[in-house]
Amino acid sequence: MLDFRIYTFLSVCKNMNFTAAAEELHITQPAVSQHIQYLEKHYGAPLFERNGKKIILTPAGETLLNAMTVIRNDESTVKKRMQDADKKKKVLNIGVTMTIGEFVIEKPLAKYLKNHPETDINIRFANTASLCGELLQGSLDLALVEGNFDFKLFDMLVMKNEKYIPVCHVSHRFDKEPKRIHDLLPQRLIVREKGSGTRDILEKSLSVKNISISDFDHYVQADNTQLIVNLLKEDCGISFLYKAAVEKEIQSGVLKEIELKDFSMEHNFTFIWNKGSVFSQEYKNICLELKEQ
C-alpha cells in the first residue's frame, strides 16, 4: 500500500495547486506542504518549482510521478484481482477509439472471448486523448488507439498498419476534378472532434501542406465515425478516414477513394498500456492474441 504522502503528491500533480489538492483530500494546505517537504527530504530532490503563481514539476518530480502512477495503478489492479479470486474469473478493462471499436475490434474480440470464457471484459469507447488519460488514472488495463500518444508513458504493440484516405460519395460532383489536396478546399469537410486520433492525424497531415481545417469552405464536426460514413453516403461532403471504416462502402460502390497525387498516408493501430507495469508481459500476451485473430 502506498504511503499516504504519495497520494498527496499525486493529487498535487493532478491539480497543480496545493489548495485544490487539500480540498480534494479533505486536509489542510499546511498538511499538503508538509507531505511534499517530507517526500523531497526522503528522496533528496525538489519535486516542484514555482513559475510565477503556478507550480511546475521538476525533472525529479516527473520521475516520481511516472513511477508512482504505475505503482498506484498496479496496486489497484492487484486489489481488484484479489477480490475476484474466489469467483474464478478475470476482468479486463479495455479502451478503444471510435474507428477501431466500430470497424476493427469486433472479430478479434469475439474470438478472444471464445478462447477465454472465464474472462469478463469492459469495453470503453473514447478518443485517443481520453483513453490515454484513463490509462494513467488506472481505470483501464490497456487501450487500442489510432492516434498519437506519449511513448515515454506507455508500452506499445502495433496491431496493424492501416491506410488513411480521402473519401466521398461515388457520385460526388467536383467543379474541378481534384488532383492535389488544395483542390479539395472548396468542399465541405466532415471531420471528427478535437482529441480524436483521426482528427489529430488529419491536422498534422494538413499542416505539412500549410493547410488547416478552417481553410475548407465548410465543415461538419462529429464525434462518431459511423455518422461521418452515413453523411458521406448521403453525399454531404468529403472526409479523411481509415480505409477500414469505409471498406464495405467502397467495395459495394457507394463511396470511393479520392485519388490525389500529393496525399498518401498509412498509420498504425496500436495497443498501449502503462509503461513499467508489473502486468506488462500479461498485457502484451493479450494484445498478441488479439492481433493474431
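Each residue is numbered by its place in its chain's sequence as written, counting from 1. Local features in this predicted model are restricted to residues of pLDDT 70 or higher, and side-chain atom pairs are both shown and tallied only at a pLDDT of 80 or more, whereas totals for entire chains, interfaces and linings draw on every residue. Computation of side-chain values: all heavy atoms of the structure, hydrogens and water removed.

1. Let's talk about the pairing of strand E5 (residues 142-145)
Every regular strand shows the same layout, with side chains that alternate between the two sheet faces.
Item 1. For every residue, the accessible area obtained with a 1.4 Å probe (protein chains only) is divided by the maximum for its type, and the residue is called buried under 20%, exposed over 50%, and partly exposed between those limits. Helix and strand assignments come from DSSP, with helices taken as H or I runs of at least 4 residues and strands as E runs of at least 2, each series counted from the N terminus. Residues Leu142 and Leu144 of E5 are buried on one face, and the alternating residues Ala143 and Val145, pointing to the opposite face, are buried as well.
Item 2. Two elements, strand E3 (residues 90-96) and E5, share 3 bridges in a ladder whose sense is parallel. The partner of Val96 across the bridge, within E5, is Leu144.
Item 3. DSSP-based pairing: two strands are paired if at least 2 bridges between them are found. Direction of pairing for E5 relative to strand E11 (residues 265-274): antiparallel, over a ladder of 3 bridges. Within the sheet, the bridge partner assigned to Leu144 lies in E11 and is Phe271.

2. With respect to the nonpolar core
Item 1. Formed by 41 residues in total, the largest nonpolar core has its most connected members in Phe216, Phe240 and Phe271.
Item 2. Only heavy atoms matter for contacts: two residues are in contact if any of them lie within 4.5 Å across the pair. Setting aside residues up to four positions removed in sequence, Phe216 forms contacts with Leu184, Leu185, Gln187, Leu189, Leu206, Ile211, Ile238 and Phe240.
Item 3. In terms of nonpolar packing, the next biggest core, distinct from the first, is built from 18 residues, Ile6, Val12, Ala22 and Met68 among them. Within this scheme, the nonpolar core is defined by two criteria: the residues are buried Ala, Val, Leu, Ile, Met, Phe, Trp, Tyr or Cys, and they are joined through side-chain atoms within 4.5 Å.

3. As for helix H7 (residues 128-137)
Item 1. By the burial criterion, the buried members of H7 are Thr128, Leu131, Cys132, Glu134 and Leu135. Taken down its axis, H7 places every buried residue within 165° of arc, on the same side.
Item 2. N-capping of H7 is provided by Asn127, with a side-chain oxygen placed 3.3 Å from the backbone N of Ala129.
Item 3. With its phi angle positive at about 90°, Gly138 sits one or two positions after the end of H7. Within this analysis, the arc is defined by the directions that extend from the helix axis to the C-beta atoms. For the purposes of these results, a polar contact is taken to be a pair of N or O atoms within 3.5 Å, where, inside protein, one atom must be able to donate a hydrogen and its partner to accept one; residues adjacent in sequence count only when each atom of the pair is a side-chain atom.

4. Description of helix H8 (residues 197-208)
Item 1. By this rule the span expected of a helix is its residue count minus one, scaled by 1.5 Å. Across its 12 residues, H8 extends 17 Å between first and last C-alpha, which sits within 8% of the 16 Å expected from 1.5 Å per residue.
Item 2. Within H8, the full set of buried residues consists of Gly197, Thr198, Arg199, Ile201, Leu202, Ser205 and Leu206.
Item 3. Positive backbone phi, approximately 60°, marks Asn210, located one or two places after H8.

5. Looking at the layout of surface pockets
Item 1. The distinction between a cavity and a pocket rests on a 1 Å grid over the protein atoms alone: a 1.4 Å probe fits inside a cavity but cannot get out, while a pocket stays open yet meets protein on both sides within 12 Å along at least five of seven lines, and a residue with an atom within 4 Å of a point counts as lining. Grid points are joined across faces, edges and corners, and a volume is the space filled by probe spheres set on the points. What the largest pocket holds in volume is close to 440 Å³.
Item 2. Elements supplying a minimum of two residues to the lining of the largest pocket: helix H5 (98-103), helix H6 (106-115), strand E6 (154-169) and helix H10 (243-251).
Item 3. The element best represented in the lining of the largest pocket is H10, accounting for 5 residues.
Item 4. The classification used treats Ala, Val, Leu, Ile, Met, Phe, Trp, Tyr, Cys and Pro as nonpolar, Asp, Glu, Lys and Arg as charged, and all other residues, Gly among them, as polar. Split into classes, the residues belonging to the lining of the largest pocket amount to 6 nonpolar, 1 polar and 8 charged.
Item 5. Estimates place the volume of the second largest pocket at around 340 Å³.
Item 6. In terms of lining, the second largest pocket is formed by 17 residues, of which the most central are Leu65, Thr69, Arg72, Leu136 and Gln137.

6. A few points about the pattern of salt bridges
Item 1. For this analysis, a salt bridge means a side-chain nitrogen from Lys or Arg found within 4 Å of a carboxyl oxygen belonging to Asp or Glu. Enumeration over the complete set of coordinates arrives at 12 salt bridges.
Item 2. Measuring nitrogen to oxygen at the nearest pair gives 2.9 Å for the salt bridge that ties Lys14 to Glu24. On the criterion of sequence distance, the pair formed by Lys14 in helix H1 (residues 4-15) and Glu24 in helix H2 (residues 18-25) is long-range, its members being 10 residues apart.
Item 3. In this structure Lys14 comes out as exposed when scored by relative accessible area, which is 55%.
Item 4. A relative accessible area of 34% means that Glu24 is categorised as partly exposed.

Interpretation in functional terms is not warranted from these geometric data alone.
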